[in-house]
Structure formats: C-alpha cells, structure tokens
Amino acid sequence: MRLLERARKEWFMVGIVVAIGAAKLQPSVGVNGGPLKPEITVSYIAVATIFFNSGLSLKTEELTSALVHLKLHLFIQIFTLAFFPATIWLFLQLLSVTPINEWLLKGLQTVGCMPPPVSSAVILTKAVGGNEAAAIFNSAFGSFLGIIVTPLLLLLFLGSSSSVPFTAIFSQLFMTVVVPLIIGQIIRRYIKDWLERKKPPFSAVSSSVLLMIIYTTFCDTFSNPHIDLDKFSLVLILFIIVSVQLSFMLLTFIFSTRNNSGFTPADTVAIIFCSTHKSLTLGIPMLKIVFAGHEHLSLISVPLLIYHPAQILLGSVLVPTIKSWMVSRQKGVKLTRPTV
C-alpha cells in the first residue's frame, strides 16, 4: 500500500512537469476561450469534481473518537490558519525590499493561507507511528474550515486584487466547493460499505483533474507575453520554502514538547505534520476562483506547486529521525512510571 502511494506521488510530480511543459508548447489550447473552455470546464466542472470526490472519500464517521482532544485540535488549527499566515505576512514585509518577483512573494502568502492537506500529513504521521486519529481529524476538519477561512485570509492579506467581486467569489465557492462536498458526504452515507469494499481510486481522480487545472493555469501564463519569471527569484523562493518548512516544523516541535504542554510524543508527531503541511488539492482550485482572470495567477500558484512536493520529500526524509525520537521518548516515559 505504501509503495502504491509513493508511486502515485511520483507519478503526480512527473505529471506537474508534463502539464507545465505541454502548456509551454501549446498554450492556446488551454486559455480562456480556447478548445478546452477552461472558464467552464475548469472553473466549475473540474473544481466541483475535486470537492465532490473529497466529500465521497472523507471518512468523517471515524472522527468522533478524536473529538475529545480539544487542546490538540485547537493548537493545530490556530497554528495552521492564524500563526502560519500572520508570520509569513511579517516575513514578506522584509522580503518586499528584495528584487524577488513580487507575484512569487504574493504566492508565498497564499501558501500560508492554505488549509492542511487531506492525505500527506496523515500518511507521514502513520509512517512514524504518531497519533493517526488526530491527524485524520485535523486534516478533515481543516479542509472543511479552509473552505471558509482560506478565501477570507487571501482577501485579508492580499486584498481584493481579483477581478471577481467579493460576493461573486463566495457565491462560486459555495456552488463549486461547499455544495459538491456536502453532496459527496450525503452519498457516502448510503454507499459507505460499497466504497470500503471497492476502494475507488479517489486520489488518482483528484490528481488527474488537478493536473488539468495546473495545465490551463500555465496556458494563461505562457500566452501572456508580458510575464517574465527570472531564475534568480525562482531559486530564492525554493530556498525560502524549504527554510520556512524546517523552521515551522522546529517551532511546532518546541511548542509541543514544553514541560506541562500536555501532549504525548505521538501527539507531537501529528502536530509537526498537520500544522506545517498545506493542501495543493484544495489550494489550486481556490486560487483559480479567488484570482479568476488575474494575469499573474500562475506565478501566484508557483510557490504552492513547489511547497507540495517539498513537504512530502522533506517529511519522508525526516520520518526515521522523528520515529527514533518518538520511540526513545515513549520508552523514557515508561521507565519513569512508578511500579504498583
């Protein structure tokens, strides 16, 4: 199962490169008004498909057992949707005086505003042996919360730079995100047993649709002769993203392992991954809605496209180290318990 998941991630990363390359070769196919008609097929059908798929696949019925860990959930959600974007905003005030492309910097802010992913944080938490139930709960709850909070954060930190009015943004979000998600959850109740037996390829479906969204986004970029992305900015953004991930992972580790924090080593593992991972599957469709028609949408999307594979790669590399720490801490706790 783990090998299949790894193969799917590698396929998806290759798919991103192919999608961007195809957009570079023939951008006219995926631009607004082109043969693919992305203003309809992507803005409405593709986005709705992703969230309907999420509604079918989210196992919200298994989350009730994790509800009791209120302090843990509050920590993760506040860190993800408040501390993370606010800290990035302060950091960008310093970076604004540098020659880094301003639209890539805005893209960094959008990364900070994104909800946690539905899968990667859970998979890595499970690989380490951490609190998987907490990871599932916060990934699912964060996804639901992000539908409302993320667009508000984007408009708060970046302003209403979209050509779409505020009311139109939330109207489209409701119709293409909230409604399909709710319908998916309702249908899941009736076909849950069938879904558990057949295990439909939800991830593959979402990934394929997401690649179509990425392709059309970059078609808009390459068809615009006024957009120029310098390699210096791209390299710096890559370095900043890795540094941000490592810094936030270290921060969550320090906060959750303080004396009297009340968190177990297994809780800390879930906190590290759930608090620092950001969703590409939910993020790209939201950016497509909030910044619909924006000529720099693809540049704004670049940091999120980098952040996604970087968080998986970095998390995978750190799994043995975090697992070793967790096991040693758990053994230490057992040794210090008084015998009765």
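Residues numbered from 1 in each chain as written. Predicted model: local features only at pLDDT ≥ 70, side-chain atom pairs only at ≥ 80, totals over all residues. Heavy atoms only, no water.

A few points about the overall build of the protein
Applied cut-off: Numbering of helices and strands runs from the N terminus, with a helix taken as a DSSP run of H or I at least four residues long and a strand as a DSSP run of E at least two residues long. Remark: exposure states derive from per-residue accessible area (1.4 Å probe, protein chains only) relative to the maximum for the residue type, with buried under 20%, exposed over 50%, and partly exposed in between. Two residues qualify as a contact provided that any one of their heavy atoms is within 4.5 Å of a heavy atom in the partner residue. The accessible surface values rely on the Shrake-Rupley method and a 1.4 Å probe; as for residues, cover is taken only from the protein chains in view.
Broken down by element type, the protein carries twelve helices and zero strands. Along the protein, helices (α) and strands (β) appear in the sequence α-α-α-α-α-α-α-α-α-α-α-α when read from the amino end. By the burial criterion, 50% of the 340 residues in the protein qualify as buried. Long-range contacts, defined here as pairs at least 24 residues apart, represent 84% of the contacts in the protein between residues at least 6 apart. Here the protein has roughly 16,400 Å² of accessible surface; of this, 69% comes from carbon and sulfur atoms.

Digging into the side chain of Q77
Under the convention used in this document: Counting of polar contacts relies on pairs of N or O atoms within 3.5 Å, with two restrictions inside protein: one atom must be capable of donating a hydrogen and the other of accepting it, and residues adjacent in sequence are counted only when both atoms are side-chain atoms.
Among the secondary structure elements, Q77 is positioned in helix α3 (residues 70-95). In this structure the side chain of Q77 is engaged in a polar contact, spanning 3.1 Å, whose partner is the side chain of N138. Not counting chain neighbours up to four residues away, the residues in contact with Q77 comprise A82, N138, F141, G142 and L145.

Let's talk about the confidence of the model for the protein
Heads up, the rule is: A score from 0 to 100, pLDDT tells how confident the predictor is in each residue.
Looking at the protein, the pLDDT average stands at 81 and 86% of residues meet or exceed 70. Within the protein, helix α1 (residues 2-25) has the poorest average pLDDT of any element, 73, and α3 the best, 93. For the stretch residues 335-340, pLDDT sits under 50, and the model shows zero contacts to residues farther than four places along the chain or on other chains.

Let's talk about the environment of W103
Inspection of the secondary structure puts W103 in helix α4 (residues 102-113). Put simply, W103 and V302 are 199 residues apart on the chain and 9.3 Å apart in space, counted from C-alpha to C-alpha. Ignoring anything within four residues of it in the chain, the contact list for W103 reads H294, H296, L299 and I300.

Points about α3
What sets the pattern is the α-helix's 3.6 residues per turn: residues three or four places apart point alike. For clarity, the cut-off: Multiplying 1.5 Å by the helix residue count minus one yields the expected span of that helix. We define the bend at each residue as the angle formed by axes fitted to the 7 residues ending at it and the 7 residues starting at it.
Compared with the 38 Å implied by 1.5 Å per residue over 26 residues, the 36 Å span of α3 between its first and last C-alpha is a close match. At F79, α3 is bent by approximately 40 degrees, the largest bend along its length.

Digging into the pattern of salt bridges
Stated formally: One side-chain nitrogen of Lys or Arg within 4 Å of one carboxyl oxygen of Asp or Glu is enough to make a salt bridge.
Counted under the stated rule, the structure contains one salt bridge. We note a salt bridge from R188 to E196, for which the minimum N-O separation is 3.3 Å.

As for the packing of α4 against helix α9 (residues 231-256)
Formally: Axes here mean lines fitted to C-alpha atoms, for a helix over just the part in contact, with angles spanning 0 to 180 degrees between N-to-C directions. Roughly parallel here means an angle under 35 degrees, roughly antiparallel means over 145, roughly perpendicular means 65 to 115, and every remaining angle is called oblique. Crossing handedness follows the turn of the near helix against the far one: under a right angle anticlockwise gives a left-handed crossing, and clockwise gives a right-handed one. Think of it as three bins: nonpolar holds Ala, Val, Leu, Ile, Met, Phe, Trp, Tyr, Cys and Pro, charged holds Asp, Glu, Lys and Arg, and polar takes everything else, Gly as well.
At a minimum axis distance of 10 Å, the contact between α4 and α9 shows a crossing angle of 20 degrees. As judged from the angle between their axes, α4 and α9 are roughly parallel. Handedness of the crossing formed by α4 with α9: right-handed. Contacts between α4 and α9 involve L104, L105 and L108 from the first element and S233, L234, I237, I240 and I241 from the second. When the residues that make up the contact of α4 with α9 are grouped by side-chain class, the tally is seven nonpolar, one polar and no charged.

Overview of the packing of aromatic side chains
Here a ring pair, both rings aromatic, is described through the centre-centre distance and the interplanar angle of the planes. Selection criterion: Any Phe, Tyr or Trp ring, taking Trp's six-membered ring, that has another such ring centre within 6.5 Å forms a pair; planes under 30 degrees apart are called stacked, those over 60 apart edge-to-face, and the others tilted.
Scanning all chains against the criterion turns up nine aromatic pairs. Ring geometry for F75 versus F79: centroids 6.2 Å apart, planes at 15 degrees, classification stacked. In this pair, F75 and F79 are both assigned in helix α3, four residues apart and thus about one turn of the helix distant. As far as burial versus exposure is concerned, F75 and F79 are alike and both buried. Ring plane angle 55 degrees and centroid distance 4.3 Å describe the contact between F84 and F248, whose orientation is recorded as tilted. Placement of the pair is F84 in helix α3 and F248 in helix α9, with a sequence separation of 164 residues. Of the residues examined, F84 reaches a relative accessible area of 0% and is grouped as buried.

Things to note about α4
When the terminal C-alpha atoms of α4 are compared, their 17 Å separation across twelve residues agrees well with the 16 Å that a helix rising 1.5 Å per residue should span. Burial analysis of α4 places ten of its twelve residues in the buried class, which makes it a mostly covered element. Of the residues that open α4, the one with a side-chain oxygen 2.8 Å from the backbone nitrogen of W103 is N101.

As for the environment of I237
Its place among the elements puts I237 in helix α9. Residues contacting I237, with those up to four places away along its chain left out, are I100, L104, L105, L108, P303 and I306.

Considering the packing of α4 against helix α6 (residues 132-158)
Between α4 and α6, whose axes approach to 9 Å, the crossing angle comes to 145 degrees. Where α4 crosses over α6, the handedness of that crossing is right-handed. Along its contact with α4, which presents K106, Q109, T110 and C113, the element α6 presents T150, L153, L154, F157 and L158. In terms of residue class, the contact of α4 with α6 is built from five nonpolar, three polar and one charged.

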